[in-house]
Amino acid sequence: MSKKVLIIDDDPDIVEAEKMILESHGYDVDSASDGESGLAKAEKTKPDLIILDVMMSTMDQGFQVAYKLKQSPDLKKIPVLMATSVGQVTKFKFDPKTDSDFLPVEAYIEKPIKPADLISTVERLLRA
Amino acid sequence: MPDHEVGITDLLVPRRAELTERVAWFVRLRWLAVGGMLLAVPVGKKLLGFEKIDGQRILALAGALFLLNCCYVLISRALHRPRDGGSPDLRKVELFAKAQVLLDLLILTAILHYSGGIRNPFSFYYIFHVIISSILLSRRSAYGVAALCLGLFGAMALLEHFGVLSAHPLNALQQKPSAGYVLTAIMAMGTTLFTAIFMATSIMQRLKQKEDELEKAWREVKQLEATKSRFLVLVSHEMRSPIVAIRSMLDALGVAYSKCLGEKAVEMLSRASERADSLLTLTKDLLTLARQQSMQEHQTEQEIVDLAALTRNGILLFKAEADEKSIVLKESYPEKAIGVRTDHDSMNLVLSNLISNAIRYTPAGGQVGVSWQLEGRRAMLKVSDTGIGIPESELPHMFKEFFRAENARKFTASGTGLGLAITKNIVERLGGTIAVDSRLNEGSTFTVMLPLA
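All values reported here derive from a predicted model rather than from experimental measurement. (Residues numbered from 1 in each chain as written. Chains lettered and ligands numbered in written order. Predicted model: local features only at pLDDT ≥ 70, side-chain atom pairs only at ≥ 80, totals over all residues.)

Attention now goes to the overall build of chain B. Helix and strand counts for chain B come out as 12 helices and 7 strands. Out of the 453 residues in chain B, the part that is buried amounts to 32%. Long-range pairs, those at least 24 residues apart, make up 75% of the contacts in chain B between residues at least 6 apart in sequence. (Helix = DSSP H or I, 4+ residues; strand = E, 2+ residues; numbered from the N terminus. Buried ≥ 20, exposed ≤ 12 C-beta atoms within 10 Å, placed from the backbone. Contact = placed C-beta atoms within 7 Å.)

Structure follows, in structure tokens:
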């Protein structure tokens, strides 16, 4: 059975692009265009992985969704891949403050995501 | 135009500070005058042979001036720091200055009267007050002061001449001056004073005008700069998401439909995606530049950062890139920590810009060196490479926005010409300097000097 991936992003073009790449690799992809419906869909379909956009209508909506996912007993085990354009300022990052333990998610990746990076990150998270 | 009015009242603020400052300086100058008067009596009597000098009266006048100046100091302090904490009242300061000038002139005339009258060569000391008035006061008041000087001097000369006031010659040799001499002295004094005031006030007026123009221009430049930064932030933000979407869709097409599209089409797609990527780099750099510029105005939170540790960690991210081109990355650090007051993000940008440039413009098999040294109270970073170098004629433009050297463009298409402009901006904001030294086809060295915390 193919793995289920839920994409939560308010940009339909990005959603479609990611969907196309993931589907061509045999994933079963569903999507939501805002945090609230994303959380509802996650509840209902229990995906194997969630790809979450940091910047949705409000600047920190993605972060709030991430916290809610990680607080829910049902959903906290689902790995979350956060797609961000926040870290756009510097490529030279090793500041402990921006280390991954600051975000309650399994991985984050800077937009635009290269197809190969997307697939390899998704595979890595699903294996873990 | 309300904006304009705001500008003009703003312009008055420095002038007000200037006026109070100059009044204070005027007060300090007066201590010298008191000292000079005390010295003049014994010197005049013993050394210069003015045995008839009225020492007692002159010393009494010096004492009076001393007491007056003590009062001035107190008043000056009170005016400088009003109790309500506001800025000094311009009208009061001007009145204070006028009162000082008036009392000074009376005392000077009295001193002259008791020490030879118009035959005392010091009678030209009136000119100091005239010049100071034309700096401190309005043009009209300055001419008023000149008229007052001439009036006092003339009155003294005439009253002494007609015997209303008894003359006090400096010594027995001094004869009573003739009517012609008195008239000539008054005329000489009058023309000198009015010429001086004319010259001083017209120079002052031109200076004030220039100052106003400069200040206005400076304000306009500041405003333009801020508008530019805001515009840059807005544009690069707005451009970013559509470009990200374009790039994502192009990539997705290439991956998902590679079989039905054919080799040529997939290659075109990947080239389109690369072009979108360089556009993204540009927006990113523009955003950084604008942010750095606005950081200059709003001081960001800074802490003492050990730049050696920061560099040691950060350089790891460039190992892969260097290995790929078989470039040797050499590092050297002093034994002590390099503590500089900065923020992590800014310093990361400086390091990553310089190191990634060095790697980018160095052909495979070359060498890139990163070294920190302590030079007195400053930290010195050198990032050197054995790369393509910079033509000498282009060296002066290296830190300009959007500038890329001719050979750099040929060497690689990627690069926006903003990295070094951003770097320079940051280094200068941190109170440091950046310089480049390079030889074509041999390599370049960028040197950054930063003040230690």
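What follows is about helix α12 (residues 419-429) of chain B. All names here are of chain B. Counting buried residues along α12, 9 of its 11 residues qualify, which places the element largely inside the surrounding structure. Those residues of α12 lying buried are Gly419, Leu420, Ala421, Ile422, Thr423, Lys424, Asn425, Ile426 and Val427. Phi for Gly431, located one or two positions after α12, is positive at around 80 degrees.

Let's shift gears to the packing of helix α2 (residues 35-45) of chain A against helix α3 (residues 61-71) of chain A. Residues and elements named next belong to chain A. Between α2 and α3, the shortest axis-to-axis distance is 10 Å and the interhelical angle comes to 25 degrees. As far as their axial angle goes, α3 and α2 are roughly parallel. The hand of the α2/α3 crossing is right-handed. The segment α2 lies against α3, with Gly35, Gly38, Leu39 and Ala42 engaging Gln61, Gln64, Val65, Lys68 and Leu69. (Axes fitted to C-alpha atoms, helices over the stretch in contact; angles between N-to-C directions. Parallel < 35°, antiparallel > 145°, perpendicular 65-115°, else oblique. Left-handed = near helix turned anticlockwise from the far one by under 90°.)

Turning to the interface of chain B and chain A, a few remarks are in order. In this complex, chain B contributes 23 residues to the contact, which on the side of chain A involves 21 residues. Of all the secondary-structure elements, those providing two or more residues to the side of chain B that touches chain A are α6 (179-256), α8 (263-297), α9 (307-324) and α10 (344-360) of chain B. The dominant element in the side of chain B that touches chain A, judged by the number of residues it contributes, is α6(B), at 11 residues.

If you look at the biggest cluster of nonpolar residues, it comprises 42 residues, and the most contacted ones within it are Val5(A), Ile50(A), Leu52(A) and Met82(A). At 7 residues, the largest contribution of residues to this core is made by α6(B). Met398(B), Ile426(B), Val427(B) and Leu450(B) belong to the second largest nonpolar core, which has 41 residues in total. (Core = buried A, V, L, I, M, F, W, Y, C linked by C-beta atoms within 7 Å.)

As a further point, take helix α2 (residues 55-80) of chain B. Compared with the 38 Å implied by 1.5 Å per residue over 26 residues, the 37 Å span of α2(B) between its first and last C-alpha is a close match. By the burial criterion, the buried members of α2(B) are Ile58(B), Leu61(B), Ala62(B), Leu65(B), Asn69(B), Tyr72(B) and Ser76(B). (Expected span 1.5 Å × (residues − 1).)

Residues Lys111(A) and Pro112(A) are joined by a peptide bond in cis, for which omega reads -5 degrees. Mapped onto the elements, Pro112(A) comes out in the loop between β5 (107-110) and α4 (115-127). Here the phi dihedral of Phe402(B) falls at roughly 70 degrees; this positive angle occurs in a residue that is not glycine. Note that Phe402(B) resides in the loop between β5 (378-385) and α11 (406-411). For Phe402(B), a count of 11 C-beta atoms within 10 Å corresponds to the exposed category.

The next subject is the environment of Met187(B). All names here are of chain B. Of note, Met187 is situated in helix α6. On the neighbour-count criterion, Met187 (12 C-beta atoms within 10 Å) is exposed. Spatially, the C-alpha atoms of Met187 and Leu150 are 9.1 Å apart, while their sequence positions differ by 37 residues.

Residues and elements named next belong to chain B. Taken in spatial order, the 5 strands of this open sheet run β2-β4-β5-β7-β6, and their pairing is mixed. Looking at the sheet topology across the chains shown, the edges are occupied by β2 (328-332) and β6 (433-439). Sheet twist, expressed as the average angle between the axes of neighbouring strands with direction ignored, equals 10 degrees. When β5 meets strand β7 (residues 443-451), the two strands line up antiparallel, connected through 7 bridges. (Pairing = 2+ DSSP bridges.)

All names here are of chain B. Per-chain confidence: chain B averages 85 in pLDDT, with 93% of residues scoring 70 or above. Throughout residues 1-14 the model reports pLDDT below 50, and contacts reaching past four residues in sequence, or to other chains, amount to 5 contacts. Two numbers describe this predicted complex: its pTM, 0.56, and its ipTM, 0.81. (pLDDT = per-residue confidence, 0-100.)

The next point concerns the confidence of the model for chain A. Considering every residue of chain A, the mean pLDDT works out to 81; 80% of them sit at 70 or more. Every residue in residues 87-100 of chain A is under pLDDT 50, and counting partners more than four places away or in other chains gives 22 contacts.

Once that is clear, we can look at the sheet that holds strand β1 (residues 4-8) of chain A. Residue and element names in this part refer to chain A. With parallel pairing, 5 strands are arranged side by side in an open sheet as β2-β1-β3-β4-β5. Each edge of the open sheet is held by one strand with a lone partner, namely β2 (28-32) and β5. Direction aside, neighbouring strands of the sheet carry axes that sit 20 degrees apart on average. Where strand β3 (residues 49-53) meets strand β4 (residues 80-84), 4 bridges bridge the pair, whose relative direction is parallel.

Once that is clear, we can look at the environment of Thr192(B). All names here are of chain B. In this fold, Thr192 is placed in helix α6. For Thr192, a count of 17 C-beta atoms within 10 Å corresponds to the partly exposed category. The spacing of Thr192 and Leu150 is 42 residues in sequence and 10.0 Å in space, taken between C-alpha atoms.

Moving on: the pairing of β1(A). Consecutive side chains along a regular strand alternate between the two faces of the sheet. Residues and elements named next belong to chain A. Of all 5 residues in β1, 4 are buried, a share of seventy percent or more. Across 5 bridges, β1 lies against β2 in parallel orientation. In the strand pairing of β2, Val5 is matched with Val29. This β-α-β element, β1 to helix α1 (residues 12-24) to β2, shows right-handed connectivity. Here β1 pairs with β3 via 4 bridges, running parallel. By the bridge assignment for β3, Leu6 is matched with Ile50. (Right-handed = clockwise from strand over helix to strand, strands pointing away.)

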